[in-house]
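Fold and geometry: a report
So the chains spell out like this:
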Amino acid sequence: MNNYSIMYKKLFFISLFLFLQINVFLSAQSISVKNNSGQAVVDYTLEIPVHELDLSLGNYMATVNNTEVPIEIITDAKGRQLAILPVNKINANSEIVISVRPGAADAYPKRSYAELSHKIGGHFEGHKYVGGYSWVKPNYISLPGTFRDHSYYIKYEGPGWESDKAAFRFYLDNRNAIDVFGKKTSDIVLPAVGVDGFDNYHNMADWGMDNMKVGTALGIGTIAVWDGQKAVRVEKKDSMTCLIPADGKIRSQVKTIYYGWDANGEKCDLTSLISIDAGSRASRMELLVDKKVNIATGIIKIKDAELILSNSKDSEWSYIATFGKQSLNNDMQGLVVFAHTRQIKEITGDELNHVLVLEPENGYVEYYFMPTWELDKEPVVTKDDFMKCIDEVLNRLNNPITYAIKN
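Report on the accompanying structure. (Residues numbered from 1 in each chain as written. Predicted model: local features only at pLDDT ≥ 70, side-chain atom pairs only at ≥ 80, totals over all residues. Heavy atoms only, no water.)

Here's the deal with the side chain of Ser112
- Here Ser112 shows up in strand β8 (residues 112-115).
- Residue class for Ser112 comes out buried when judged on its relative accessible area of 0%.
- A polar contact of 3.3 Å, which involves the side chain of Ser112, links it to the backbone nitrogen of Arg251.
- A distance of 2.9 Å separates the side chain of Ser112 from the side chain of Ser252, its partner in a polar contact.
- Not counting chain neighbours up to four residues away, the residues in contact with Ser112 comprise Glu162, Ser163, Ile188, Asp247, Gly248, Lys249, Ile250, Arg251, Ser252 and Ile276. (Helix = DSSP H or I, 4+ residues; strand = E, 2+ residues; numbered from the N terminus. Buried < 20%, exposed > 50% of the residue type's maximum accessible area, 1.4 Å probe, protein only. Polar contact = N/O pair within 3.5 Å; in protein donor to acceptor, adjacent residues only side chain to side chain. Contact = heavy atoms within 4.5 Å.)

Put into structure tokens, the structure is as follows:
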């Protein structure tokens, strides 16, 4: 190869590099993000409808407070596609500018997770799965409505989801109740939970433990219907399908469709979408129901736990909460459910539960549920600590972050 060839080759690669850099620059977008509240917001997940951004096929990343973060595309319960990205902090009454460009932000850690795993290699004898030699994670399953508890088929008996702050599961059977795993670490732990000994997660481990006794109650945030005297979980249904639509670094989701749910004698189809975000203790529940029924949810009653209610009916969001020695390990635990104030038809209770009765709007209900624990990586030991956690979530719900796209 002569000197001219070498020179032209160098010029080609220099031109190609400059072309790619110019294209990256031209395709970059800026987003102005504003915190309208008097409190700093940390670990916020910004949502922007995809159609508002100029995104072609490929991976995208953003620079937030000098940190490169990924952008994920997810779908909410109403079928809207959203671009989401994590914002580590926005000071009170402040504004930051985020730049968006092609890229992957590979160095950003995985901070959320969801899974649905079951055994293979065995067989059912009655309602119990016998034998089996391994676990698989298809993240999808369809089951008859008669599927029962303690089948020993599904890993920890249902889907699991977690952030770097909290972990949950619900029983994908006749109980259909939500349970809490207390985490002593910010690491992702669920892949290793329930694999050895099936239910050894009831014992304290280095990562934490199942620290809630649910029984026949609502646990926290469980879907139910109010029959006038008590909350009835999603027990009777024709069939159900459960899947993991998102397992991202920023957000993970569990979607369940209950076909032929018997809600106070009204047969209906109910779709549930649970989401959890990086840096959040709270899970978001979105529900769509195709018939006019009330939706109930709530918190298990524990005699050693104090009931705490919102003190303002003028806010967009309200809550019910409990705090006290109510964990299985006899530790201080806080439990809270946040709901749209306008959707709260009644705050009531039954023998087992503190109950919120919610009125769907065009078949749609949205609420959040959140646990705290005194053995968390960021311990919540006192009632004052717990109230600070509640106030932080309530502040961001009642004072949404706003944004403006600058092309």
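What about the packing of aromatic side chains?
- Per the counting criterion, the structure on display carries 13 aromatic pairs.
- Centre to centre, the rings of Trp317 and Tyr368 are 5.5 Å apart; their planes meet at 70 degrees, and the pair counts as edge-to-face. Separated by 51 residues along the polypeptide, Trp317 in strand β24 (residues 317-325) and Tyr368 in strand β28 (residues 364-373) bring together distant segments of the chain.
- Owing to a relative accessible area of 5%, Trp317 belongs among the buried residues under this scheme.
- Pairwise contacts between aromatic rings join Trp161, Phe168, Phe170, Tyr367 and Phe369 into one cluster.
- Above the plane of the ring of Tyr171 lies Arg175, whose end atom (NZ or CZ) is 3.7 Å from the centre. (Phe/Tyr/Trp six-rings, centres within 6.5 Å; stacked < 30°, edge-to-face > 60°. Lys NZ or Arg CZ within 6 Å of the ring centre and 35° of its normal.)

Things to note about the state of the cysteines
- Tallied over the entire structure, the rule returns 0 disulfides.
- With no disulfide partner, Cys242 has as its closest neighbouring cysteine sulfur the one in Cys268, 18 Å distant.
- For Cys242, a relative accessible area of 0% corresponds to the buried category.
- Taking the relative accessible area as the measure of exposure, Cys268 reaches 1% and is therefore buried. (Disulfide = S-S within 2.5 Å.)

Details of the pattern of salt bridges
- Evaluation of the coordinates by the stated rule reveals 28 salt bridges.
- Among the ionic pairs, Glu68 bridges to Arg101, the shortest N-O distance being 2.8 Å. Note that Glu68 is positioned in strand β4 (residues 67-70) and Arg101 in strand β7 (residues 95-102), a separation of 33 residues in sequence.
- A salt bridge links Glu316 to Arg342; the nearest nitrogen and oxygen atoms lie 2.4 Å apart. (Salt bridge = Lys/Arg side-chain N within 4 Å of Asp/Glu carboxyl O.)

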